[in-house]
Amino acid sequence: MLIAGWLTFDFGPVVLQALSAVSTFYFFFNVPVWCGAQGRGGTCRNNSHGVLMGCHLRQHKWQKIKMIFWSARWARLRQELFQNATTTLASLGGILAVTSGIAAALRRRVVATR
Ligand SMILES: [Zn+2]
């Protein structure tokens, strides 16, 4: 979807930005993955939606959110984001979508100032 947007640039940067936003949202908050939060019983294996959301346990959600704002634990977060093929793909997709969104925003600014 996103790659098609890049290839056929007829869509225009606004549509591309919208696509990027949707992809970002999907990968970070909607794609089905494992929770992966650290609990007393080891790594949590509950289903969760999106790599940045925990499972239904509120404590796990907080654990993820806290990790984002607590740079000392970014290594641990990175480990969780890339723990298996599914989360790695989702994380990479999310990062790609963010990058693409920023690129589209910059491109629009360049076009606008011309
Ligand atoms: Zn969990």
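Each remark here, short or long, concerns the structure printed above.
Remember, predicted model here, so these are calculated numbers, not experimental data. Numbering of residues starts from 1 in each chain and follows the order in which that chain's sequence is written. pLDDT decides what is reported in this predicted model: residues at 70 or higher carry local features, side-chain atom pairs at 80 or more are listed and counted, and totals for whole chains, interfaces and linings draw on all residues regardless.

Caption draft 1: Representation of the overall build of the protein chain in the model. Each helix corresponds to a stretch of at least 4 residues labelled H or I by DSSP, and each strand to a stretch of at least 2 residues labelled E; elements are numbered beginning at the N terminus. In terms of regular secondary structure, the protein chain is built from 5 helices and 4 strands. In the protein chain, the order of α-helices and β-strands from amino to carboxyl end is α-α-β-β-β-β-α-α-α. Across the 114 residues that make up the protein chain, the buried fraction comes to 31%. Restricting to contacts in the protein chain with at least 6 residues of sequence separation, those with at least 24 account for 43%. Each residue is classed by its C-beta neighbour count within 10 Å, where at least 20 other C-beta atoms makes it buried, 12 or fewer makes it exposed, and intermediate counts make it partly exposed; the C-beta atoms are placed from backbone geometry. Once C-beta atoms have been placed from the backbone, residue pairs whose C-beta atoms lie within 7 Å are recorded as contacts.

Caption draft 2: Representation of the nonpolar core. What we call a nonpolar core is a set of buried Ala, Val, Leu, Ile, Met, Phe, Trp, Tyr and Cys residues whose membership is set by joining through C-beta atoms within 7 Å. Core analysis: the biggest nonpolar cluster contains 11 residues, these being Phe-27, Phe-28, Val-31, Val-33, Val-51, Leu-52, Met-67, Leu-77, Leu-81, Ala-90 and Ala-97. For this core, the secondary structure elements donating two or more residues are α2 (13–29), α4 (74–81) and α5 (85–113).

Caption draft 3: Examining the environment of Pro-32 more closely. Positionally, Pro-32 belongs in strand β1 (residues 32–34). Residues Pro-32 and Ser-48 lie 16 residues apart in sequence; the distance between their C-alpha atoms is 5.9 Å. Not counting residues within four places of it along the chain, the set of residues in contact with Pro-32 comprises Asn-47 and His-49.

Caption draft 4: Spatial organisation of the environment of His-49. Along the chain, His-49 turns up in strand β4 (residues 47–49). Put simply, His-49 and Phe-28 are 21 residues apart on the chain and 7.9 Å apart in space, counted from C-alpha to C-alpha.

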